[in-house]
Amino acid sequence: MIFVTGDIHGSIDINKISKAHFPESKAMTKDDYLIICGDFGLVWDYCGENKEEAYWLDWLENHSFTTLFVDGNHECFPRLHALPQKEWNGGNVHVVREHVLHLMRGQVFNIDGKIFFTMGGASSHDRGPLVGNTEEVIGKYWWKEEIPSVEEMQEGLMNLQKHGGEVDYIITHCLPSDLQKRYSQGRYRRDLLTDYLMYIKMKVKYRHWYCGHYHTDLDLVDDVTVLYDEIRQIEA
């Protein structure tokens, strides 16, 4: 079984995947998966893993299922990039815990016979009014790496080409530019990443696209779903 949901923001929204709110997890094993569409937020403290992070990461590790996530914009990227890296199911991952894995950008994974393309990252639309642009913030609560590098984007295109430009599922944090504009009516600005994802949407054949970021649950179009609180099972 493979399930997918939206942002958990560290401990803030993690309760939605507790057994009380996610009863399906009681029947899951480590060979079953929950995918989080960015803003994982448990690799966040720039000083290193703190007690709260350790508690919740161990809580996830002790769950019956394996947790997978793409990064959002609210992650501590220097810490994330310093984690052990390995190849897993055809793509590269960072190992947070043995069964808590970061699906790296621009990768293609074969998970239970289904092909997934992953591209994390997004612009922090709340950066200006909430956290500013000061030396006290940069490198502590905001990182330029929230937007994928050109190299990561190129790697994604190369990996998609290796798979004939066709996958089953796309997992991102934000939407392509055109769909983001349709959803937000201009409240979210387009950027290099959203334009890249729009190119992917036009060029790649896929069954369904899942993302987070927008703090809503919405089937935006037939083959694109925005998730936050809802947990969806991916079709067999």
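Caption draft 1: Spatial organisation of unusual backbone geometry. One non-glycine residue, His9, lies in the positive phi region at around 50°. By the element assignment, His9 lies in the loop between β1 (2–5) and β2 (33–37). You will see that Asp112, though not glycine, has its phi angle at about 55°, which is positive. Within the secondary structure, Asp112 is located in the loop between β7 (107–111) and β8 (114–119).

Caption draft 2: Local environment of helix α4 (residues 150–162). The end-to-end C-alpha distance of α4 is 18 Å, a good match for the 18 Å that 13 residues give at a rise of 1.5 Å each. All of the buried residues along α4 are Met153, Gly156, Asn159 and Leu160. The buried residues of α4 occupy an angular sector of 125° when the element is viewed end-on, so they sit on one face. The exposed residues of α4 that point more than 90 degrees off its buried face are Glu151, Gln161 and Lys162. In this structure, the buried residues of α4 make contact with β7, β8 and α6 (192–203). With its phi angle positive at about 70°, Gly164 sits one or two positions after the end of α4.

Caption draft 3: Region of interest: the sheet that holds strand β13 (residues 232–233). Sheet architecture is open: seven strands sit in the order β4-β5-β6-β3-β2-β1-β13, paired in mixed fashion. Edge positions in the sheet fall to β4 (85–88) and β13, since each has one partner strand and no second. The pairing of β4 with strand β5 (residues 91–97) spans four bridges and is antiparallel. When the bridges of β5 are listed, Glu87 appears paired with Asn92. Contacts between helix α1 (residues 51–61) and the sheet are confined to β3 (66–70), β5 and β6 (100–103), with β5 contributing the most and set at about 115° to the helix.

Caption draft 4: The arrangement of the packing of aromatic side chains in detail. If you walk through the whole model with that rule in mind, you get 15 aromatic pairs. With 5.9 Å between their ring centres and 55° between their planes, Trp88 and Phe109 make a pair best called tilted. Pair noted here: Trp88 is in strand β4 and Phe109 is in strand β7, with a separation of 21 residues, a long-range link. Comparing Trp88 with Phe109, the two get one shared label, buried. What links up through ring pairs into an aromatic cluster is the set Trp44, Tyr46, Tyr141 and Trp143.

Caption draft 5: Fine view of the packing of helix α5 (residues 177–184) against α6. Contact pair α5 / α6: the axes reach a minimum separation of 7 Å and the direction vectors enclose 110°. Judged on the interaxial angle alone, α6 and α5 are roughly perpendicular. Two secondary-structure elements touch here, α5 through Ser177, Asp178, Leu179 and Gln180 and α6 through Thr194, Asp195, Met198 and Lys201. Tallied by class, residues from the contact of α5 with α6 come to two nonpolar, three polar and three charged.

Caption draft 6: The nonpolar core, seen in detail. The biggest cluster of nonpolar side chains holds 25 residues, and the ones touching the most others in it are Phe117, Val167, Leu175, Tyr196 and Trp209. Every element with two or more residues in this core is listed here: β8, α4, α6, β10 (208–211) and β12 (224–226). No other element matches the four residues that α6 contributes to this core. In contact with Trp209, not counting residues within four places along its chain, are Ile170, Thr172, Cys174, Pro176, Leu197, Ile200, Lys201, Asp223, Val224 and Thr225. In this structure, Trp56, Leu60, Cys76 and Trp143 belong to the second largest nonpolar core, which totals 23 residues.

Here is what the cut-offs are and how they apply
- Residue numbers restart at each chain and count upward from 1, following the sequence in its written direction.
- The predicted origin of the model limits local features to residues at a pLDDT of at least 70 and limits the giving and counting of side-chain atom pairs to 80 or more, whereas totals for whole chains, interfaces and linings rest on all residues.
- Side-chain measures here rest on the full set of heavy atoms in the structure, leaving out hydrogens and waters.
- Each helix is a run of H or I in the DSSP string that is no shorter than four residues. Each strand is a run of E no shorter than two, and both are numbered from the N terminus.
- Here the expected span of a helix is defined as 1.5 Å times the quantity of residues minus one.
- Exposure categories follow from relative accessible area, calculated using a 1.4 Å probe and restricted to protein chains: below 20% of the type maximum is buried, above 50% is exposed, and the middle band is partly exposed.
- Arc definition: it is the arc formed by the directions from the helix axis to the C-beta atoms.
- The contact criterion used is simple: two residues touch if any of their non-hydrogen atoms lie within 4.5 Å.
- In this description, strands pair whenever DSSP reports at least two bridges between them.
- For helices, the fitted axis covers only the stretch in contact; all axes are lines through C-alpha atoms, and the angles between them, taken along N-to-C directions, range from 0 to 180 degrees.
- In this analysis, rings of Phe, Tyr and Trp, with Trp reduced to its six-membered ring, are considered paired at centre separations within 6.5 Å, and the interplanar angle assigns stacked below 30 degrees, edge-to-face beyond 60, and tilted for intermediate values.
- What sets the label is the angle itself: under 35 degrees gives roughly parallel, over 145 gives roughly antiparallel, 65 to 115 gives roughly perpendicular, and the rest give oblique.
- Amino acids are sorted into nonpolar (Ala, Val, Leu, Ile, Met, Phe, Trp, Tyr, Cys and Pro), charged (Asp, Glu, Lys and Arg) and polar (every other residue, Gly among them).
- The criterion is simple. A nonpolar core is a set of buried Ala, Val, Leu, Ile, Met, Phe, Trp, Tyr and Cys residues joined through side-chain atoms within 4.5 Å.

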